[in-house]
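Overview (structure and organization)
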Amino acid sequence: MPEPTTADLLAFALALADEADRLSMSFYRGDLGTEQKQDGTLVTRADRAVEAMLRERIAARFPAHGILGEEQGFAPGAPGEARWILDPIDGTHGFATGMPVWATLIACERDGTIEVGVASAPALGTRWWAGRGDRKST
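Below: a short report on this structure.

Things to note about unusual backbone geometry
- The phi dihedral of Arg29 falls on the positive side, at around 60°, and the residue is not glycine.
- Structurally, the position occupied by Arg29 is in the loop between α1 (6-27) and β1 (35-36).
- Looking at Arg29, the relative accessible area reads 59%, which means it is exposed.

If you want it as structure tokens, here you go:
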């Protein structure tokens, strides 16, 4: 399989954000099962579910890529392959209290350089994204 281009990675990251938005919004202002982690920060069922879904989709599409997520830690990929960096619900405290200021963060790094990044804030109806050399927002 040829190495994906930055445009390929960005298109995939945006599709992941679409799925993450649908899933996170299904939990928003509902029964979140909020818990406190050892470090004192909050985690919800939505955090865990969104990260699990993102990991599943990434592993299916790019099985050799590594994944670093806030909730499940690091799963190394093949040497020299890209690494995805995930925060399923950035701003969990706001999410847990019903405030709309939170987002799903998705990035892909190759050779120590961030190639693409997406910050999707569905409760605000806003998304920002960038691929090396191109920046957009909606």
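So much for the structure itself; the text now carries on.
Focus on the pairing of strand β7 (residues 113-121)
- Pairing geometry for strand β6 (residues 103-110) and β7, over 7 bridges, is antiparallel. The residue of β7 that forms the bridge with Arg110 is Thr113.
- Pairing of β7 with strand β8 (residues 126-131) involves 6 bridges; the strand directions are antiparallel. Considered in β8, the bridge of Gly117 is made with Ala130.
- Connecting β7 to the next strand, β8, in antiparallel fashion are 4 residues, including Gly125 with a positive phi near 70°.

With respect to helix α2 (residues 45-61)
- For α2, which comprises 17 residues, the first-to-last C-alpha distance of 24 Å matches the rise-based estimate of 24 Å (1.5 Å per residue) to within 8%.
- Considered for burial, the residues of α2 that qualify are Ala46, Asp47, Val50, Glu51, Met53, Leu54, Arg55 and Ile58.
- Where α2 begins, one side-chain oxygen reaches toward the backbone nitrogen of Ala46, 3.2 Å away; that side chain belongs to Thr44.

A closer look at the pattern of salt bridges
- Scanning all chains against the criterion turns up 12 salt bridges.
- In this structure, the salt-bridge partner of Lys37 is Glu70, at a minimum N-O distance of 3.3 Å. Within this pair, whereas Lys37 is found in the loop between β1 and β2 (42-43), its partner Glu70 is found in the loop between β3 (66-69) and β4 (73-75), the two being separated by 33 residues in sequence.
- Notably, a salt bridge pairs Glu115 with Arg110, separated by 3.5 Å at the nearest N-O pair. Each of the two residues, Glu115 as well as Arg110, counts as buried.
- Via salt bridges that share partners, Glu3, Arg110, Glu115 and Arg132 belong to a single interconnected network.

Remarks on the environment of Lys37
- Considered as a pair, Lys37 and Leu14 are 23 residues apart in the sequence and their alpha carbons are 29 Å apart.
- Those residues in contact with Lys37, other than ones at most four positions away along the chain, are Leu42, Val43, Glu70 and Glu71.
- At 3.3 Å, the side chain of Lys37 forms a polar contact with the side chain of Glu71.

Parameters and conventions
- Residues numbered from 1 in each chain as written.
- Predicted model: local features only at pLDDT ≥ 70, side-chain atom pairs only at ≥ 80, totals over all residues.
- Heavy atoms only, no water.
- Helix = DSSP H or I, 4+ residues; strand = E, 2+ residues; numbered from the N terminus.
- Buried < 20%, exposed > 50% of the residue type's maximum accessible area, 1.4 Å probe, protein only.
- Pairing = 2+ DSSP bridges.
- Expected span 1.5 Å × (residues − 1).
- Polar contact = N/O pair within 3.5 Å; in protein donor to acceptor, adjacent residues only side chain to side chain.
- Salt bridge = Lys/Arg side-chain N within 4 Å of Asp/Glu carboxyl O.
- Contact = heavy atoms within 4.5 Å.

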